[in-house]
Amino acid sequence: MRVICAGHVNWDVTLHVDHLPKPDGEGRITDRSQSSGGSASNAAVALAGLDADPLVLGSVGRDDHGTMARSQLAAAGVETLLIESDEPTAVKYLIVDENGDVAVLGNDGANEAFCASDLPVETLAEADHLHLTGQDPVTAATLARDAAAADVPVSFDPGRRLPYRDYSAVLSHADILFCNDREADHAEDSGLFDTVPTVVVKHGDCGATAHIDDRTVTNDGYPIDSVDTAGAGDAFAAGYLLASAQETDPERALAVANACGALAAQSPGAQTTLDWESVWALVDSGHSPAPA
């Protein structure tokens, strides 16, 4: 399955701390790591591990962080179409506490320097799916419109910025909307639910709910001890896209998506290399995975 993932490509610096400090407080760093990140990249890496054929459309700076991000994606089996910008590659600092909860600090840098015209028409037409993540609303809307015109299904996971950016034009062409509980409240209050045939709401370690036309299905997920929840939602989306394309049972597709999210939350860093053997073992057992 050829999936184009369009959105941010970052360089992540992950700091594991004993707790997330309050204002004027101080936490102790227990571990530090660096890797490529960004929701488009995270979803693509998860897709590659699940035997899909992902392509990332995004932008990076002409710097070491951009070079390293490109190299790591290639090593994970992800094809890239990364536009180089005079702005530096976006760097995100992910602060992760002992419960796996994450706080994010960052700058935008080069991660919205790409535009819809950077994706060749024939490349989009040959795709099986377009997965949009948080990005410039105009770029996202144009990509979604072009995909719909080419009869390519569109999913959208806008992330934390949904309440602050107008994505209504994107959602008018989307087939699937992914959001968490907080984002879902905003989308429902704004009437955005009514414009998308399938809305999948992620509840973290409490599972997920899919509103498919006039039907609602749920899956309770898998109780886990999270190591790092960064990127778990992107792994969830990757699992759902592949499973929903293959499964006739929407609850089964949610079970696969929750398994992918749970496995990602058991691994440090925002990018997780998934595999079907681990996913199906978790789905079929119904039990939480052992910590990595």
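Residues numbered from 1 in each chain as written. Predicted model: local features only at pLDDT ≥ 70, side-chain atom pairs only at ≥ 80, totals over all residues. Heavy atoms only, no water.

Worth spelling out the cut-off: UniProt positions are given in the numbering used here, feature names are shortened, and annotations may be inferred rather than shown by experiment.
By the naming in an unreviewed UniProt entry, the protein chain goes by Sugar kinase, ribokinase and is assigned to Haloarcula japonica. Within the UniProt record for the protein chain, the comment given under Sequence similarities (unreviewed entry) is "Belongs to the carbohydrate kinase PfkB family."

### Side note on the packing of helix H1 (residues 39-49) against helix H7 (residues 232-246)
Where we set the bar: The axes are straight lines fitted to the C-alpha atoms, using for helices just the contacting stretch, and the angles between their N-to-C directions are given from 0 to 180°. The way it works is that DSSP assigns letters per residue, a run of H or I at least four long becomes a helix, a run of E at least two long becomes a strand, and they are numbered from the N terminus. Note that the term roughly parallel is reserved for angles under 35 degrees, roughly antiparallel for angles over 145, roughly perpendicular for angles of 65 to 115, and oblique for everything else. A crossing counts as left-handed when the near helix is turned anticlockwise from the far one by less than a right angle, and as right-handed when that turn is clockwise. We call two residues contacting when some pair of their heavy atoms lies within 4.5 Å. Side-chain classes follow a simple rule in which Ala, Val, Leu, Ile, Met, Phe, Trp, Tyr, Cys and Pro form the nonpolar group, Asp, Glu, Lys and Arg form the charged group, and the remainder, Gly included, forms the polar group.
Two elements in contact, H1 and H7, have axes whose closest approach is 8 Å; the angle formed by their N-to-C orientations is 50 degrees. As the angle between them shows, H1 and H7 are arranged oblique. Taken as a pair, H1 and H7 cross one another with a handedness that is right-handed. The residues of H7 that touch H1, namely those facing Ser-39, Asn-42, Ala-43, Ala-46 and Leu-47, are Asp-234, Ala-235, Ala-238 and Leu-242. Here the residues of the contact of H1 with H7 are counted per class, giving six nonpolar, two polar and one charged.

### Details of helix H2 (residues 64-75)
Test applied: A helix is expected to span 1.5 Å for every residue after the first. Residue exposure (1.4 Å probe, protein chains only): buried if accessible area is under 20% of the type maximum, exposed if over 50%, otherwise partly exposed. It is the directions from the helix axis to the C-beta atoms that the arc portrays.
Here H2 contains 12 residues, and its C-alpha end-to-end distance of 16 Å stays within 8% of the 16 Å for a straight helix at 1.5 Å per residue. For H2, the complete set of buried residues consists of Gly-66, Ala-69 and Leu-73. Buried residues in H2, looked at end-on, bunch into an arc of 65 degrees, giving them a common side. Turned more than 90 degrees away from the buried face of H2, the exposed residues are Asp-64, Thr-67, Ala-74 and Ala-75. Here the buried face of H2 lies against strand E2 (10-17), strand E3 (29-37), H1, strand E4 (53-61) and strand E5 (79-85).

### Quick look at the sheet that holds strand E6 (residues 91-96)
Quick note on the threshold: Two strands qualify as a pair provided that DSSP identifies no fewer than 2 bridges between them.
Read from one edge to the other, the open sheet built from four strands follows the order E3-E2-E6-E7, with strand pairing classed as mixed. In this open sheet, the two edge strands, each paired with only one partner strand, are E3 and strand E7 (102-106). The mean angle between the axes of side-by-side strands here comes to 20 degrees, regardless of whether they run parallel or antiparallel. Looking at chain direction, E6 and E7 are connected through five bridges and run antiparallel. Counted as the bridge partner of Tyr-93 is Leu-105 from E7.

### What to know about the environment of Leu-143
With respect to the secondary-structure elements, Leu-143 resides in helix H4 (residues 137-149). For the pair Leu-143 and Val-154, spaced 11 residues apart in sequence, the C-alpha separation works out to 9.1 Å. The residues contacting Leu-143, other than those within four sequence positions of it, are Ala-6, Leu-57, Phe-114, Ala-116, Leu-119, Leu-124, Leu-130, Leu-132 and Gln-135.

### What about the packing of aromatic side chains?
Rule in force here: Any two of the Phe, Tyr and Trp rings considered here, Trp counted by its six-membered ring, make a pair once their centres fall within 6.5 Å; the pair's planes then place it as stacked at under 30 degrees, edge-to-face at over 60, or tilted in between.
If you walk through the whole model with that rule in mind, you get four aromatic pairs. A centroid spacing of 5.7 Å and a plane angle of 85 degrees characterise the contact between Phe-178 and Tyr-240, whose relative ring orientation is edge-to-face. Note that Phe-178 is positioned in strand E10 (residues 176-180) and Tyr-240 in helix H7, a separation of 62 residues in sequence. Assessed through its relative accessible area of 4%, Tyr-240 is described here as buried. For the pair Trp-276 and Trp-280, a centre-to-centre distance of 5.6 Å together with 20 degrees between the ring planes defines the contact as stacked. On the criterion of helical spacing, the pair formed by Trp-276 and Trp-280 is a turn pair, its members being four residues apart in helix H9 (residues 276-285). One aromatic cluster is present, built from ring pairs that chain together Phe-178, Phe-236 and Tyr-240.

### Thoughts on the nonpolar core
What counts here: By nonpolar core we mean a set of buried residues, namely Ala, Val, Leu, Ile, Met, Phe, Trp, Tyr and Cys, connected to one another through side-chain atoms within 4.5 Å.
One finds Tyr-240 and Val-279 to be the most contacted residues of the largest nonpolar core, which totals 55 residues. Element by element, the count of residues in this core is highest for helix H8 (residues 250-265), at 11 residues. Leaving out residues up to four positions away in the same chain, Val-279 has contacts with Leu-50, Val-256, Ala-259, Cys-260 and Leu-263. One finds Ile-4, Leu-171, Ala-184 and Val-196 within the second-largest nonpolar core, a separate group that totals 33 residues.

### Topic: the sheet that holds strand E8 (residues 129-133)
Spatially, E5-E4-E1-E8-E9-E10-E11-E12-E13 is the arrangement adopted by the nine strands of the open sheet, whose pairing is mixed. The outermost strands of the open sheet, each flanked by one partner alone, are E5 and strand E13 (215-219). Within the sheet, the average angular offset between the axes of one strand and its neighbour, ignoring direction, is 15 degrees. Here five bridges tie E10 to strand E11 (residues 198-202), and the two strands are oriented parallel to one another. Its bridge partner being in E11, Asn-180 is matched across the sheet by Lys-202. Its contacts with the sheet put H2 on E4 and E5, and the angle it makes with E5 is roughly 175 degrees.

### Quick notes on the packing of H7 against H8
Where H7 contacts H8, the axes come no closer than 7 Å and their chain directions differ by 150 degrees. By the angle between their directions, the pair H7 and H8 is classed as roughly antiparallel. The two elements H7 and H8 cross, and the hand of that crossing is right-handed. Where H7 approaches H8, its residues Ala-232, Ala-235, Phe-236, Gly-239, Tyr-240, Ala-243 and Ser-244 are matched on the opposing element by Ala-253, Leu-254, Val-256, Ala-257, Asn-258, Cys-260, Gly-261, Ala-264 and Ala-265. Partitioning the contact of H7 with H8 into residue classes produces 12 nonpolar, four polar and no charged.

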